[in-house]
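Chains, contacts and geometry: an overview
Read off the chains here:
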There are 2 protein chains.
Amino acid sequence: MSQTETPAARREPIPLNGVDTPTLFATINAVKGTPSLANFQFRAQNTWVRGTNSRSRIESFSGAGGEHQHARVFEYDADHPAVLVGGDAGPTPIEFLLIGLSSCLTAGLANIAAARGVTLNRVESKVEGDIDLRGILGLAKDVRNGYKGIRVSFTIDGDAPPETLKALVDQSRARSAVFDVLTNGVPVDISVATV
Amino acid sequence: MSQTETPAARREPIPLNGVDTPTLFATINAVKGTPSLANFQFRAQNTWVRGTNSRSRIESFSGAGGEHQHARVFEYDADHPAVLVGGDAGPTPIEFLLIGLSSCLTAGLANIAAARGVTLNRVESKVEGDIDLRGILGLAKDVRNGYKGIRVSFTIDGDAPPETLKALVDQSRARSAVFDVLTNGVPVDISVATV
(Lines give C-alpha, C1' and ligand atoms only; values in the text may rest on other atoms or scores of the structure.)
Protein backbone atom coordinates (compact mmCIF):
# COMPACT_ATOMS: atom_id res chain seq x y z
CA MET A 1 0.00 0.00 0.00
CA SER A 2 3.01 2.34 -0.02
CA GLN A 3 6.61 2.70 -1.08
CA THR A 4 8.00 2.47 2.41
CA GLU A 5 7.25 -1.05 3.51
CA THR A 6 10.27 -3.10 4.32
CA PRO A 7 11.09 -5.92 1.91
CA ALA A 8 10.45 -8.35 4.77
CA ALA A 9 6.95 -7.00 5.34
CA ARG A 10 6.23 -7.37 1.63
CA ARG A 11 7.36 -10.95 1.54
CA GLU A 12 5.78 -12.24 4.73
CA PRO A 13 2.90 -10.10 5.93
CA ILE A 14 1.68 -11.20 9.34
CA PRO A 15 -1.56 -10.28 11.12
CA LEU A 16 -1.08 -7.23 13.34
CA ASN A 17 -3.31 -4.69 15.12
CA GLY A 18 -6.28 -6.94 14.44
CA VAL A 19 -5.62 -6.58 10.71
CA ASP A 20 -5.52 -9.80 8.71
CA THR A 21 -2.57 -8.54 6.71
CA PRO A 22 -2.12 -11.64 4.51
CA THR A 23 -5.76 -11.47 3.40
CA LEU A 24 -5.46 -7.71 2.90
CA PHE A 25 -2.49 -8.19 0.57
CA ALA A 26 -4.24 -11.09 -1.19
CA THR A 27 -7.28 -8.85 -1.74
CA ILE A 28 -5.15 -6.07 -3.18
CA ASN A 29 -3.50 -8.57 -5.53
CA ALA A 30 -6.87 -9.97 -6.61
CA VAL A 31 -8.07 -6.46 -7.50
CA LYS A 32 -4.81 -5.81 -9.32
CA GLY A 33 -5.57 -8.83 -11.51
CA THR A 34 -9.29 -8.01 -12.02
CA PRO A 35 -9.82 -4.24 -11.70
CA SER A 36 -13.63 -4.50 -12.05
CA LEU A 37 -13.69 -6.06 -8.57
CA ALA A 38 -12.91 -2.56 -7.27
CA ASN A 39 -16.27 -1.10 -8.34
CA PHE A 40 -18.35 -0.66 -5.20
CA GLN A 41 -21.67 1.03 -4.52
CA PHE A 42 -22.63 2.04 -0.99
CA ARG A 43 -26.21 2.90 -0.05
CA ALA A 44 -28.40 4.43 2.61
CA GLN A 45 -32.17 4.62 2.89
CA ASN A 46 -33.70 7.45 4.85
CA THR A 47 -37.22 7.79 6.26
CA TRP A 48 -38.53 11.03 7.69
CA VAL A 49 -39.90 10.61 11.24
CA ARG A 50 -41.14 14.07 12.26
CA GLY A 51 -39.78 17.59 12.32
CA THR A 52 -36.02 17.45 11.73
CA ASN A 53 -35.83 13.80 12.87
CA SER A 54 -35.18 11.13 10.24
CA ARG A 55 -33.87 7.57 10.36
CA SER A 56 -31.24 6.14 8.04
CA ARG A 57 -30.76 2.48 7.32
CA ILE A 58 -27.52 0.91 6.07
CA GLU A 59 -28.06 -2.61 4.86
CA SER A 60 -26.61 -3.68 1.51
CA PHE A 61 -23.84 -2.70 -0.87
CA SER A 62 -22.35 -4.06 -4.06
CA GLY A 63 -18.72 -4.69 -4.86
CA ALA A 64 -16.10 -7.33 -5.61
CA GLY A 65 -18.41 -8.52 -8.38
CA GLY A 66 -21.52 -9.12 -6.28
CA GLU A 67 -24.19 -7.97 -3.86
CA HIS A 68 -23.52 -8.01 -0.12
CA GLN A 69 -25.51 -7.63 3.07
CA HIS A 70 -23.88 -6.11 6.12
CA ALA A 71 -23.63 -8.47 9.11
CA ARG A 72 -26.71 -6.70 10.45
CA VAL A 73 -28.89 -3.72 9.54
CA PHE A 74 -27.49 -0.48 10.94
CA GLU A 75 -30.02 2.24 11.80
CA TYR A 76 -29.27 5.81 12.81
CA ASP A 77 -31.50 8.67 13.86
CA ALA A 78 -30.47 12.19 12.97
CA ASP A 79 -32.11 15.31 14.35
CA HIS A 80 -31.46 18.89 15.30
CA PRO A 81 -30.75 19.69 18.96
CA ALA A 82 -33.20 21.72 21.04
CA VAL A 83 -31.24 24.94 20.53
CA LEU A 84 -31.87 24.46 16.79
CA VAL A 85 -35.56 23.71 17.33
CA GLY A 86 -35.26 19.91 17.05
CA GLY A 87 -35.89 16.97 19.35
CA ASP A 88 -32.24 15.83 19.67
CA ALA A 89 -33.16 12.22 18.81
CA GLY A 90 -29.74 11.84 17.17
CA PRO A 91 -26.72 13.83 16.11
CA THR A 92 -27.18 16.60 13.58
CA PRO A 93 -26.63 15.47 9.99
CA ILE A 94 -23.40 17.47 9.75
CA GLU A 95 -21.95 15.60 12.75
CA PHE A 96 -22.13 12.34 10.77
CA LEU A 97 -19.45 13.75 8.48
CA LEU A 98 -17.07 13.99 11.45
CA ILE A 99 -17.72 10.33 12.30
CA GLY A 100 -16.94 9.34 8.72
CA LEU A 101 -13.73 11.35 8.63
CA SER A 102 -12.23 10.15 11.90
CA SER A 103 -13.17 6.51 11.36
CA CYS A 104 -11.80 6.49 7.80
CA LEU A 105 -8.45 7.95 8.79
CA THR A 106 -8.23 5.54 11.73
CA ALA A 107 -9.11 2.42 9.70
CA GLY A 108 -6.49 3.32 7.10
CA LEU A 109 -3.95 4.00 9.80
CA ALA A 110 -4.46 0.55 11.33
CA ASN A 111 -4.13 -1.16 7.94
CA ILE A 112 -1.02 0.79 7.00
CA ALA A 113 0.58 0.22 10.41
CA ALA A 114 0.03 -3.53 10.02
CA ALA A 115 1.49 -3.47 6.50
CA ARG A 116 4.55 -1.63 7.84
CA GLY A 117 4.94 -3.90 10.86
CA VAL A 118 4.08 -1.21 13.39
CA THR A 119 2.18 -2.31 16.50
CA LEU A 120 -0.41 0.22 17.67
CA ASN A 121 -1.36 0.43 21.35
CA ARG A 122 -3.81 3.32 21.25
CA VAL A 123 -5.22 5.63 18.59
CA GLU A 124 -7.58 8.44 19.49
CA SER A 125 -8.75 11.42 17.53
CA LYS A 126 -10.80 14.50 18.16
CA VAL A 127 -12.57 16.20 15.27
CA GLU A 128 -13.97 19.72 15.34
CA GLY A 129 -15.97 21.43 12.62
CA ASP A 130 -16.71 25.16 12.68
CA ILE A 131 -19.85 26.44 11.03
CA ASP A 132 -21.63 29.79 10.83
CA LEU A 133 -25.33 28.95 10.72
CA ARG A 134 -26.25 32.26 9.10
CA GLY A 135 -25.65 30.36 5.85
CA ILE A 136 -28.35 27.73 6.29
CA LEU A 137 -30.65 30.22 8.03
CA GLY A 138 -30.55 32.39 4.92
CA LEU A 139 -29.28 35.42 6.84
CA ALA A 140 -26.03 36.13 5.00
CA LYS A 141 -25.40 35.52 1.32
CA ASP A 142 -21.61 35.56 1.75
CA VAL A 143 -21.64 32.80 4.42
CA ARG A 144 -21.45 29.23 3.14
CA ASN A 145 -23.96 26.62 4.35
CA GLY A 146 -21.37 24.06 5.45
CA TYR A 147 -18.33 23.90 7.68
CA LYS A 148 -15.74 26.65 7.28
CA GLY A 149 -13.05 24.22 8.35
CA ILE A 150 -12.46 20.91 10.11
CA ARG A 151 -9.59 20.00 12.44
CA VAL A 152 -8.56 16.44 13.30
CA SER A 153 -6.18 15.88 16.23
CA PHE A 154 -4.69 12.41 16.60
CA THR A 155 -3.03 10.93 19.66
CA ILE A 156 -1.10 7.77 18.83
CA ASP A 157 0.72 5.33 21.07
CA GLY A 158 2.60 2.75 19.01
CA ASP A 159 5.75 0.70 18.91
CA ALA A 160 7.69 3.03 16.61
CA PRO A 161 9.41 6.44 16.69
CA PRO A 162 7.19 9.54 16.48
CA GLU A 163 8.15 10.25 12.86
CA THR A 164 7.16 6.71 11.87
CA LEU A 165 3.80 7.06 13.62
CA LYS A 166 3.18 10.45 12.02
CA ALA A 167 4.00 8.98 8.61
CA LEU A 168 1.17 6.46 9.14
CA VAL A 169 -1.29 9.34 9.38
CA ASP A 170 0.19 10.99 6.29
CA GLN A 171 -0.24 7.80 4.29
CA SER A 172 -3.74 7.23 5.65
CA ARG A 173 -4.75 10.73 4.60
CA ALA A 174 -3.25 10.14 1.16
CA ARG A 175 -5.47 7.06 0.76
CA SER A 176 -8.61 8.14 2.62
CA ALA A 177 -11.90 8.00 0.74
CA VAL A 178 -13.64 10.35 3.19
CA PHE A 179 -10.76 12.84 3.34
CA ASP A 180 -10.87 13.00 -0.47
CA VAL A 181 -14.63 13.59 -0.62
CA LEU A 182 -14.62 16.19 2.16
CA THR A 183 -11.68 18.18 0.83
CA ASN A 184 -12.31 17.87 -2.91
CA GLY A 185 -16.08 17.48 -3.13
CA VAL A 186 -18.12 15.10 -5.25
CA PRO A 187 -20.97 15.55 -7.75
CA VAL A 188 -24.36 14.94 -6.07
CA ASP A 189 -27.45 14.40 -8.19
CA ILE A 190 -30.89 14.74 -6.59
CA SER A 191 -34.17 13.51 -8.09
CA VAL A 192 -37.70 13.72 -6.73
CA ALA A 193 -40.78 11.56 -7.26
CA THR A 194 -44.12 12.61 -5.78
CA VAL A 195 -47.00 10.34 -4.90
CA MET B 1 -36.21 30.99 4.96
CA SER B 2 -37.10 31.67 1.31
CA GLN B 3 -38.68 34.11 -1.08
CA THR B 4 -41.74 31.98 -1.73
CA GLU B 5 -43.54 31.84 1.59
CA THR B 6 -47.02 33.26 1.51
CA PRO B 7 -47.57 36.52 3.42
CA ALA B 8 -49.95 34.60 5.69
CA ALA B 9 -47.29 32.04 6.57
CA ARG B 10 -44.86 34.85 7.34
CA ARG B 11 -47.32 36.61 9.62
CA GLU B 12 -48.66 33.65 11.57
CA PRO B 13 -46.41 30.61 11.46
CA ILE B 14 -48.07 27.58 13.00
CA PRO B 15 -46.49 24.27 14.07
CA LEU B 16 -46.59 21.75 11.21
CA ASN B 17 -44.90 18.44 10.34
CA GLY B 18 -43.61 18.25 13.90
CA VAL B 19 -41.76 21.53 13.32
CA ASP B 20 -42.25 24.20 15.96
CA THR B 21 -42.48 26.88 13.29
CA PRO B 22 -43.02 29.85 15.65
CA THR B 23 -39.87 28.96 17.61
CA LEU B 24 -37.98 28.37 14.36
CA PHE B 25 -38.85 31.86 13.12
CA ALA B 26 -38.08 33.34 16.54
CA THR B 27 -34.66 31.64 16.46
CA ILE B 28 -33.93 33.01 13.00
CA ASN B 29 -34.90 36.48 14.17
CA ALA B 30 -32.71 36.18 17.26
CA VAL B 31 -29.71 35.25 15.10
CA LYS B 32 -30.52 38.11 12.75
CA GLY B 33 -30.23 40.48 15.72
CA THR B 34 -27.08 38.87 17.17
CA PRO B 35 -25.08 37.21 14.37
CA SER B 36 -22.48 35.75 16.75
CA LEU B 37 -25.15 33.31 17.99
CA ALA B 38 -24.74 31.56 14.63
CA ASN B 39 -21.18 30.39 15.38
CA PHE B 40 -21.36 26.66 16.12
CA GLN B 41 -18.72 24.00 16.61
CA PHE B 42 -19.61 20.33 16.22
CA ARG B 43 -17.32 17.59 17.52
CA ALA B 44 -16.64 13.87 17.44
CA GLN B 45 -14.19 11.78 19.42
CA ASN B 46 -12.93 8.56 17.91
CA THR B 47 -11.22 5.62 19.60
CA TRP B 48 -9.60 2.82 17.66
CA VAL B 49 -10.90 -0.62 18.69
CA ARG B 50 -9.00 -3.10 16.50
CA GLY B 51 -8.29 -3.61 12.84
CA THR B 52 -10.50 -1.27 10.83
CA ASN B 53 -13.02 -0.98 13.69
CA SER B 54 -13.24 2.29 15.60
CA ARG B 55 -15.89 3.91 17.79
CA SER B 56 -17.02 7.52 17.50
CA ARG B 57 -18.68 9.47 20.25
CA ILE B 58 -20.88 12.53 19.73
CA GLU B 59 -21.51 14.34 22.97
CA SER B 60 -21.11 18.12 23.11
CA PHE B 61 -21.14 21.10 20.81
CA SER B 62 -20.96 24.87 21.15
CA GLY B 63 -23.23 27.45 19.62
CA ALA B 64 -25.83 30.13 20.32
CA GLY B 65 -23.30 31.67 22.69
CA GLY B 66 -22.72 28.62 24.90
CA GLU B 67 -21.73 25.00 25.42
CA HIS B 68 -24.33 22.26 24.95
CA GLN B 69 -24.63 18.57 25.70
CA HIS B 70 -26.72 16.37 23.45
CA ALA B 71 -29.73 14.75 25.17
CA ARG B 72 -27.58 11.63 25.41
CA VAL B 73 -24.17 10.44 24.24
CA PHE B 74 -24.36 8.97 20.73
CA GLU B 75 -21.85 6.21 19.92
CA TYR B 76 -21.21 4.66 16.53
CA ASP B 77 -18.96 1.84 15.42
CA ALA B 78 -17.43 1.99 11.97
CA ASP B 79 -15.63 -0.90 10.30
CA HIS B 80 -14.88 -2.46 6.96
CA PRO B 81 -17.05 -5.37 5.79
CA ALA B 82 -15.62 -8.87 5.48
CA VAL B 83 -15.09 -8.49 1.73
CA LEU B 84 -12.79 -5.59 2.58
CA VAL B 85 -11.00 -7.58 5.29
CA GLY B 86 -12.84 -6.04 8.24
CA GLY B 87 -15.14 -7.33 10.96
CA ASP B 88 -18.31 -5.47 9.82
CA ALA B 89 -18.94 -4.13 13.32
CA GLY B 90 -20.48 -1.02 11.73
CA PRO B 91 -20.93 0.71 8.40
CA THR B 92 -17.86 1.72 6.46
CA PRO B 93 -16.73 5.27 7.17
CA ILE B 94 -17.78 6.41 3.70
CA GLU B 95 -21.35 5.22 4.34
CA PHE B 96 -21.68 7.74 7.17
CA LEU B 97 -21.48 10.49 4.55
CA LEU B 98 -24.64 9.12 2.92
CA ILE B 99 -26.45 9.23 6.27
CA GLY B 100 -25.41 12.84 6.74
CA LEU B 101 -26.54 13.85 3.26
CA SER B 102 -29.98 12.26 3.30
CA SER B 103 -30.79 13.35 6.85
CA CYS B 104 -29.69 16.95 6.17
CA LEU B 105 -31.80 17.30 3.04
CA THR B 106 -34.77 15.73 4.83
CA ALA B 107 -34.53 17.92 7.94
CA GLY B 108 -34.36 21.03 5.79
CA LEU B 109 -37.28 19.84 3.70
CA ALA B 110 -39.46 19.39 6.80
CA ASN B 111 -38.57 22.86 8.10
CA ILE B 112 -39.18 24.53 4.75
CA ALA B 113 -42.46 22.67 4.22
CA ALA B 114 -43.67 23.88 7.62
CA ALA B 115 -42.63 27.45 6.84
CA ARG B 116 -44.56 27.26 3.56
CA GLY B 117 -47.63 25.65 5.12
CA VAL B 118 -47.19 22.32 3.33
CA THR B 119 -48.21 19.19 5.25
CA LEU B 120 -45.94 16.21 4.61
CA ASN B 121 -47.29 12.67 4.87
CA ARG B 122 -44.21 10.71 3.90
CA VAL B 123 -40.65 11.50 2.86
CA GLU B 124 -38.23 8.76 1.88
CA SER B 125 -34.91 8.89 0.14
CA LYS B 126 -32.40 6.46 -1.23
CA VAL B 127 -28.77 7.46 -1.55
CA GLU B 128 -26.17 5.65 -3.64
CA GLY B 129 -22.47 6.41 -3.86
CA ASP B 130 -20.23 4.85 -6.51
CA ILE B 131 -16.57 4.31 -5.74
CA ASP B 132 -13.67 2.60 -7.47
CA LEU B 133 -11.54 1.17 -4.68
CA ARG B 134 -8.42 1.04 -6.84
CA GLY B 135 -7.89 4.58 -5.53
CA ILE B 136 -7.60 3.72 -1.84
CA LEU B 137 -5.85 0.44 -2.62
CA GLY B 138 -3.10 2.38 -4.39
CA LEU B 139 -3.60 0.47 -7.65
CA ALA B 140 -4.37 3.33 -10.05
CA LYS B 141 -2.98 6.83 -9.82
CA ASP B 142 -5.75 8.30 -12.01
CA VAL B 143 -8.56 6.95 -9.78
CA ARG B 144 -9.68 9.17 -6.91
CA ASN B 145 -9.95 7.79 -3.38
CA GLY B 146 -13.52 8.89 -2.77
CA TYR B 147 -16.91 8.58 -4.44
CA LYS B 148 -17.10 9.32 -8.16
CA GLY B 149 -20.66 10.46 -7.71
CA ILE B 150 -23.64 10.32 -5.35
CA ARG B 151 -27.32 10.06 -6.30
CA VAL B 152 -30.21 10.93 -3.98
CA SER B 153 -33.74 9.84 -4.95
CA PHE B 154 -36.61 11.32 -2.96
CA THR B 155 -40.17 10.05 -2.77
CA ILE B 156 -42.51 12.62 -1.24
CA ASP B 157 -46.17 12.40 -0.33
CA GLY B 158 -47.50 15.78 0.77
CA ASP B 159 -50.53 18.01 0.68
CA ALA B 160 -49.41 20.12 -2.28
CA PRO B 161 -48.96 19.84 -6.06
CA PRO B 162 -45.88 17.99 -7.35
CA GLU B 163 -44.12 21.22 -8.41
CA THR B 164 -44.58 22.64 -4.89
CA LEU B 165 -43.17 19.47 -3.31
CA LYS B 166 -40.21 19.47 -5.71
CA ALA B 167 -39.52 23.10 -4.87
CA LEU B 168 -39.14 22.09 -1.22
CA VAL B 169 -36.25 19.83 -2.19
CA ASP B 170 -34.69 22.57 -4.32
CA GLN B 171 -34.78 24.98 -1.41
CA SER B 172 -33.50 22.36 1.04
CA ARG B 173 -30.55 21.66 -1.25
CA ALA B 174 -29.89 25.39 -1.52
CA ARG B 175 -29.65 25.60 2.29
CA SER B 176 -28.09 22.23 3.13
CA ALA B 177 -24.88 22.24 5.17
CA VAL B 178 -23.99 18.67 4.18
CA PHE B 179 -24.79 19.16 0.48
CA ASP B 180 -22.49 22.20 0.50
CA VAL B 181 -19.61 20.34 2.16
CA LEU B 182 -19.94 17.26 -0.05
CA THR B 183 -20.19 19.16 -3.32
CA ASN B 184 -17.80 22.02 -2.61
CA GLY B 185 -15.34 20.51 -0.16
CA VAL B 186 -13.92 22.00 3.02
CA PRO B 187 -10.38 22.55 4.34
CA VAL B 188 -9.36 19.73 6.71
CA ASP B 189 -6.35 20.17 8.99
CA ILE B 190 -4.79 17.10 10.63
CA SER B 191 -2.33 17.14 13.54
CA VAL B 192 -0.65 14.24 15.33
CA ALA B 193 0.66 13.88 18.88
CA THR B 194 2.55 10.74 19.87
CA VAL B 195 2.89 9.34 23.36
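Residues numbered from 1 in each chain as written. Chains lettered and ligands numbered in written order. Predicted model: local features only at pLDDT ≥ 70, side-chain atom pairs only at ≥ 80, totals over all residues. Heavy atoms only, no water.

Observations concerning the sheet that holds strand S2 (residues 53–63) of chain B
- Pairing within the open sheet is mixed, and its six strands lie in the order S3(B)-S2(B)-S1(B)-S4(A)-S5(A)-S6(B). Each of the sheet's edge strands pairs with one partner strand only, and the pair in question is strand S3 (66–78) and strand S6 (188–194) of chain B. Mean inter-strand twist for the sheet, computed between neighbouring axes without regard to direction, equals 15°.
- Here ten bridges tie strand S4 (residues 120–132) of chain A to strand S5 (residues 149–158) of chain A, and the two strands are oriented antiparallel to one another. Among the inter-strand pairings, Val127(A) is bridged to a residue of S5(A), identified as Val152(A). (Pairing = 2+ DSSP bridges. Helix = DSSP H or I, 4+ residues; strand = E, 2+ residues; numbered from the N terminus. Axes fitted to C-alpha atoms, helices over the stretch in contact; angles between N-to-C directions.)

Let's talk about the pairing of strand S1 (residues 39–50) of chain A
- Looking at chain direction, S1(A) and strand S4 (residues 120–132) of chain B are connected through nine bridges and run antiparallel. Along S4(B), the bridge assignment pairs Asn46(A) with Ser125(B).
- Two elements, S1(A) and strand S2 (residues 53–63) of chain A, share seven bridges in a ladder whose sense is antiparallel. Paired with Trp48(A) across the strands is Ser54(A), a residue of S2(A).
- In textbook terms, the turn of a hairpin is the stretch between consecutive antiparallel strands, and for S1(A) and S2(A) this stretch comprises two residues, one of which, Gly51(A), has a positive phi near 55°.

Quick look at helix H5 (residues 177–184) of chain A
Residues and elements named next belong to chain A.
- The element H5 is extensively covered by neighbouring structure, given that six of its eight residues are classed as buried.
- Restricting attention to buried positions, one finds in H5 the residues Ala-177, Val-178, Phe-179, Asp-180, Val-181 and Leu-182.
- Backbone geometry just downstream of H5 places Gly-185 in the positive-phi region, at approximately 80°. (Buried < 20%, exposed > 50% of the residue type's maximum accessible area, 1.4 Å probe, protein only.)

Comments concerning the packing of H5(A) against helix H3 (residues 93–115) of chain B
- Close contact between H5(A) and H3(B) brings their axes to 8 Å; oriented N to C, the two are set at 40°. The orientation of H5(A) with respect to H3(B), classified from their angle, is oblique. Residues Ala177(A), Val178(A), Val181(A) and Leu182(A) of H5(A) form the contact with H3(B), whose participating residues are Pro93(B), Ile94(B) and Leu97(B).
- For the contact of H5(A) with H3(B), the class distribution of residues is seven nonpolar, no polar and no charged. (Parallel < 35°, antiparallel > 145°, perpendicular 65-115°, else oblique. Contact = heavy atoms within 4.5 Å. Nonpolar A, V, L, I, M, F, W, Y, C, P; charged D, E, K, R; others polar.)

Focus on the pattern of salt bridges
- One pass over the structure, following the stated rule, counts 21 salt bridges over all chains.
- Between Arg173(A) and Asp170(A) there is a salt bridge whose closest N-O contact spans 3.0 Å. Here the residue Arg173(A) and the residue Asp170(A) both occupy positions in helix H4 (residues 162–174), the gap between them amounting to three residues, near one helical turn.
- Asp170(A) gets classed as partly exposed once you look at its relative accessible area, which sits at 42%.
- Two residues, Arg151(B) and Asp130(B), come together in a salt bridge whose shortest N-O distance is 2.9 Å. Highlighted residues: Arg151(B) in strand S5 (residues 149–158) and Asp130(B) in strand S4, separated in sequence by 21 residues.
- Salt bridges sharing partners connect three or more residues here, namely Lys126(B), Glu128(B), Asp130(B) and Arg151(B). (Salt bridge = Lys/Arg side-chain N within 4 Å of Asp/Glu carboxyl O.)

A short note on the nonpolar core
- Leu120(A) and Leu120(B) are the most contacted members of the largest nonpolar core, which has 108 residues in total.
- Setting aside residues no more than four positions away along its own chain, Leu120(A) makes contact with Asn17(A), Leu109(A), Ala110(A), Ala113(A), Ile156(A), Asp157(A), Gly158(A), Leu165(A), Leu168(A) and Trp48(B). (Core = buried A, V, L, I, M, F, W, Y, C linked by side-chain atoms within 4.5 Å.)

Some words on the interface of chain B and chain A
- Every contact between the two is made by 127 residues of chain B and, on the other side, 127 residues of chain A.
- Summed over both partners, the interface of chain B with chain A buries about 11200 Å², with 64% contributed by carbon and sulfur atoms.
- Broken down residue by residue, the surface that chain B buries against chain A is led by Phe42(B), Trp48(B) and Ile190(B), which jointly contribute 7%.
- The salt bridge partner of Asp180(B) is Arg144(A), with a shortest N-O separation of 2.8 Å.
- For the side of chain B that touches chain A, the per-class residue count stands at 64 nonpolar, 40 polar and 23 charged. (Buried area = accessible area lost by both parts, 1.4 Å probe.)

Just geometry here; none of it tells us what the structure is for.
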